[in-house]
Amino acid sequence: AQLTELMIAAPQVMAIRLSRMALAGNNPSPRDRAEMHRMGSEKVTAFSQSWLAMWMNWWMMPLRLMPAFAGAMSGSKRSRSALQAATRRASTAMLSAGLAPVHRTAVGNAKRLSRRR
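Reading the values: rules and limits
- Residues numbered from 1 in each chain as written.
- Predicted model: local features only at pLDDT ≥ 70, side-chain atom pairs only at ≥ 80, totals over all residues.
- Heavy atoms only, no water.
- Axes fitted to C-alpha atoms, helices over the stretch in contact; angles between N-to-C directions.
- Helix = DSSP H or I, 4+ residues; strand = E, 2+ residues; numbered from the N terminus.
- Parallel < 35°, antiparallel > 145°, perpendicular 65-115°, else oblique.
- Left-handed = near helix turned anticlockwise from the far one by under 90°.
- Contact = heavy atoms within 4.5 Å.
- Buried < 20%, exposed > 50% of the residue type's maximum accessible area, 1.4 Å probe, protein only.
- Expected span 1.5 Å × (residues − 1).

Q: Tell me about the packing of helix H1 (residues 2–24) against helix H3 (residues 77–115), and please be specific about residues and values.
A: Contact pair H1 / H3: the axes reach a minimum separation of 8 Å and the direction vectors enclose 45 degrees. Judged on the interaxial angle alone, H3 and H1 are oblique. For the element pair H1 and H3, the recorded crossing hand is left-handed. Counted together, Gln-2, Leu-3, Glu-5, Leu-6, Ala-9, Gln-12, Val-13, Ile-16, Arg-17 and Arg-20 of H1 and Ser-96, Leu-99, Ala-100, Val-102, His-103, Ala-106, Val-107, Asn-109, Ala-110, Arg-112, Leu-113 and Ser-114 of H3 form the full contact between these two elements.

The following block contains the structure:
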């Protein structure tokens, strides 16, 4: 769901911002300059938050996988499939945590920019 919302919001934000840049031309208003500055700073912030969230999830992954790994050491096929499922869940959680700041920023911008006309 996050990815779908991001796929809708990102092009919408890009279209609004690019049209504002095109309309402003060589003489952007203070509001346009503030939006252009915000555009750059929010990308750095979202990227940093995203990497931090993914790194923290990666760091905690061994603790989350330890029970399933201990079960897989018994050698049963069921335990190995439980380890695979736990690994998939942990990886999905890590990617979702990394996507959340970007999603939050893009969807928030889409709402903010689309109401401001």
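Q: So what's going on with the environment of His-37? Residues and values would help.
A: Take His-37: it is sitting in helix H2 (residues 30–72). The exposed category is assigned to His-37, whose relative accessible area is 60%. With 44 residues separating them along the chain, His-37 and Ser-81 place their C-alpha atoms 49 Å apart.

Q: Go over H1, please, and point to the residues and values.
A: Between its first and last C-alpha, H1 extends 32 Å over 23 residues, near the 33 Å set by a 1.5 Å rise per residue. Where H1 is concerned, the buried positions are Leu-6, Ala-9, Val-13, Ile-16, Arg-17, Arg-20 and Ala-24. Contacts from the buried residues of H1 go to H2 and H3. Count one or two residues on from H1 and you reach Gly-25, which has phi positive near 65 degrees.

Q: Give a detailed account of the environment of Met-54, specifying residues and quantitative values.
A: Its location among the elements puts Met-54 in helix H2. For the pair formed by Met-54 and Met-94, sequence separation is 40 residues and the distance between their alpha carbons is 5.3 Å. Every residue in contact with Met-54, bar those within four places of it in the chain, is listed here: Met-94, Leu-95 and Gly-98.

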